[in-house]
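# Summary of structural features
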Amino acid sequence: MKKKTALKVTALIFGILFLAVIGFGLYIFNDIRSTANEMYEPLGDRQGSSPIREIEIQDGEPISVLLAGVDHTPGREEDVVGRSDSIVVMTLNPTDGSTKMLSIPRDTRVDIVGRGTTEKINHAHAYGGPEMLINTVEEAFDIPIDHYAGINMEGFTRLIDAFNGVQVYNDLSFTMDGSQFPEGTIELDGEEALKYTRMRYDDPRGDAGRANRQRDVIEALMNEAASLGSVTKAGEILDVLGSTVRTDLSLGDMWSYQSDYMDALNQVEQIEVNYTGQTIDGLWYAIVSDEEKARVRDEMRNHLDI
C-alpha cells in the first residue's frame, strides 16, 4: 500500500523532467536518440492529437499528456501491463506560459471503456494498457488526451538520486518508516523523498499536507533540471528514463515539443479532484459527482483553448 501511495508523485515528476531533460539534446544527441527509441511505445491507431478534438492541434498550440505511475518493471514479461496507481492529466499552454496538472484519484469509480464494467479507474491499464486507460479517462472527464507517458516506481528514486538528491523546506517535523524529517530546510535522497511524500496520517492536514510535500519535491526537481549543472548528469538521467519510461512520443515529437512547450513550464499548477468515499459490494471507491467532473473538465479544456 505504501508503495502504491508513493507512486502518486512519480508521474508528476516525470511530467516536469521529461521536457527539461530533452532540452539537453544539443549536448548528447546520440544518447537521446537511443533513449527515445527505448521509451517509444506507439498507441495503435492513436497518433498525434486526441480523436475527440473537433480540430487537430497545430504546432505550438496547447496539448495534453496523460501521465501514469505504473506498478510494473519494463523488461519483465509478467509485468508488461500493470495497474496505473497514479493518474495525472497534464495540459501545457505555451502562450500563457503555464501548465496544469490534474490528479485523478486511482480509486475513482468509472465505466472502463472497452471492457463494459464499472470499476476503479486504475484497473483500466491492467486490462488494456495505455490505450484503455486513455479512453477511460476521456470518457469519464471529457478531456482530450493527446499523448501518454508512463513511469514505474524505480524511476522515482533513481531520478532523485541522479540529481544527487533534492532540497526542500519541511514545515512539519515527523518520522516515517524509520527516517526523521526535522522542521526546516532538509536534503533528501531518492528513498527519503519517497517517505517524505507519502506521509499522511501524522499530518493534521491529511491529504492536503501530503500534496504540499509532493509539490515541494517537484519544484525542487524543476530547479535542478533547469540548472546548468544538470547537463553533466544528463547521461545518467537518460539511462533512468530509458529503463523506466514508456511513451507514444517519438524522438521527432520530443525534439519539436521541447522548443515549442518549454515556456509552458514557467508556472505549474496542481488541480485536485474532489470526491466522496463510498463502499460498494465491499470495495471502497472515490465517487466524483457530475458537477465536479464538469468543473475540472471546463478548467482543463479552457487551458487547452477549446
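Computed from a predicted structure; not experimentally measured.

Although it is not a glycine, aspartate 142 adopts a positive phi angle of roughly 55 degrees. Take aspartate 142: it is sitting in the loop between α3 (123–141) and β6 (147–152). Look at aspartate 305: it is not a glycine, yet its phi comes out positive at around 60 degrees. Topologically, aspartate 305 is positioned in the segment after α9 (290–303). For aspartate 305, a relative accessible area of 54% puts it in the exposed group.

On to a negative patch on the surface, then. A grouping of Asp59, Glu61, Asp96 and Asp305 is seen on the molecular surface, where their side chains present a negatively charged patch. By relative accessible area, aspartate 59 is classed as exposed at 67%.

Glancing now at the packing of aromatic side chains. Summed over all chains, the structure comprises four aromatic pairs. Where phenylalanine 174 meets tyrosine 196, the ring centres are 6.0 Å apart and the plane angle is 25 degrees; that geometry is what we call stacked. Here tyrosine 196 lies in helix α5 (residues 190–198) and phenylalanine 174 lies in strand β8 (residues 174–176), a separation of 22 residues in the sequence. Like phenylalanine 174, the residue tyrosine 196 is buried in the burial classification. Cluster of aromatic residues (ring-pair linked, three or more members): Phe174, Phe181 and Tyr196. Note that arginine 115 overlies the ring of tyrosine 127, its terminal NZ or CZ placed 3.5 Å from the centroid. Here lysine 120 stacks its cationic end above the ring of tyrosine 285, 5.9 Å away from the centre of that ring.

Next up on the list: the confidence of the model for the protein. In this model, the protein carries an average pLDDT of 80, and 79% of its residues clear a pLDDT of 70 or more. Predicted confidence for residues 1–8 stays below pLDDT 50, and this span has 23 contacts to residues more than four positions away or in other chains. Under a pLDDT of 50 for its full length, residues 73–80 has, in the predicted model, eight contacts with residues more than four places off or in other chains.

Now for the side chain of serine 98. Along the chain, serine 98 falls in strand β3 (residues 98–104). A distance of 2.7 Å separates a polar atom in the side chain of serine 98 from a polar atom in the side chain of aspartate 96. Beyond its immediate chain neighbours, meaning those up to four positions away, serine 98 contacts Thr91, Leu92, Asn93, Asp263, Ala264, Gln267 and His303.

This brings us to the nonpolar core. Ranked by size, the top nonpolar core spans 44 residues in total, and within it Leu92, Leu188 and Tyr196 carry the most contacts. Those residues in contact with tyrosine 196 that lie beyond four places of it in its chain are Val168, Tyr169, Asn170, Phe174, Phe181, Ile186, Leu188, Arg213, Asp216 and Val217.

So, about the pattern of salt bridges. This structure, assessed with the given rule, holds twelve salt bridges. For aspartate 146, the salt bridge identified is with arginine 53, shortest N-O distance 2.8 Å. Separated by 93 residues along the polypeptide, aspartate 146 in the loop between α3 and β6 and arginine 53 in the loop between α2 (29–39) and β1 (63–70) bring together distant segments of the chain. Salt-bridge contacts for arginine 106 lead to aspartate 107; the nearest nitrogen and oxygen are separated by 3.3 Å.

Mapped onto the elements of the fold, threonine 95 is located in the loop between β2 (84–93) and β3. Of the residues examined, threonine 95 reaches a relative accessible area of 69% and is grouped as exposed. For the pair threonine 95 and glycine 60, spaced 35 residues apart in sequence, the C-alpha to C-alpha distance is 8.2 Å.

The rules behind these values
- Residues numbered from 1 in each chain as written.
- Predicted model: local features only at pLDDT ≥ 70, side-chain atom pairs only at ≥ 80, totals over all residues.
- Heavy atoms only, no water.
- Helix = DSSP H or I, 4+ residues; strand = E, 2+ residues; numbered from the N terminus.
- Buried < 20%, exposed > 50% of the residue type's maximum accessible area, 1.4 Å probe, protein only.
- Patch = residues over 30% accessible without salt bridge, like charges linked within 9 Å, V, L, I, M, F, W, Y side chains within 5 Å.
- Areas by Shrake-Rupley, 256 points an atom, 1.4 Å probe, with all protein chains shown as cover.
- Salt bridge = Lys/Arg side-chain N within 4 Å of Asp/Glu carboxyl O.
- Lys, Arg positive; Asp, Glu negative; His and termini not counted.
- Charge placed at Lys NZ, Arg CZ, Asp CG, Glu CD.
- Phe/Tyr/Trp six-rings, centres within 6.5 Å; stacked < 30°, edge-to-face > 60°.
- Lys NZ or Arg CZ within 6 Å of the ring centre and 35° of its normal.
- pLDDT = per-residue confidence, 0-100.
- Contact = heavy atoms within 4.5 Å.
- Polar contact = N/O pair within 3.5 Å; in protein donor to acceptor, adjacent residues only side chain to side chain.
- Core = buried A, V, L, I, M, F, W, Y, C linked by side-chain atoms within 4.5 Å.

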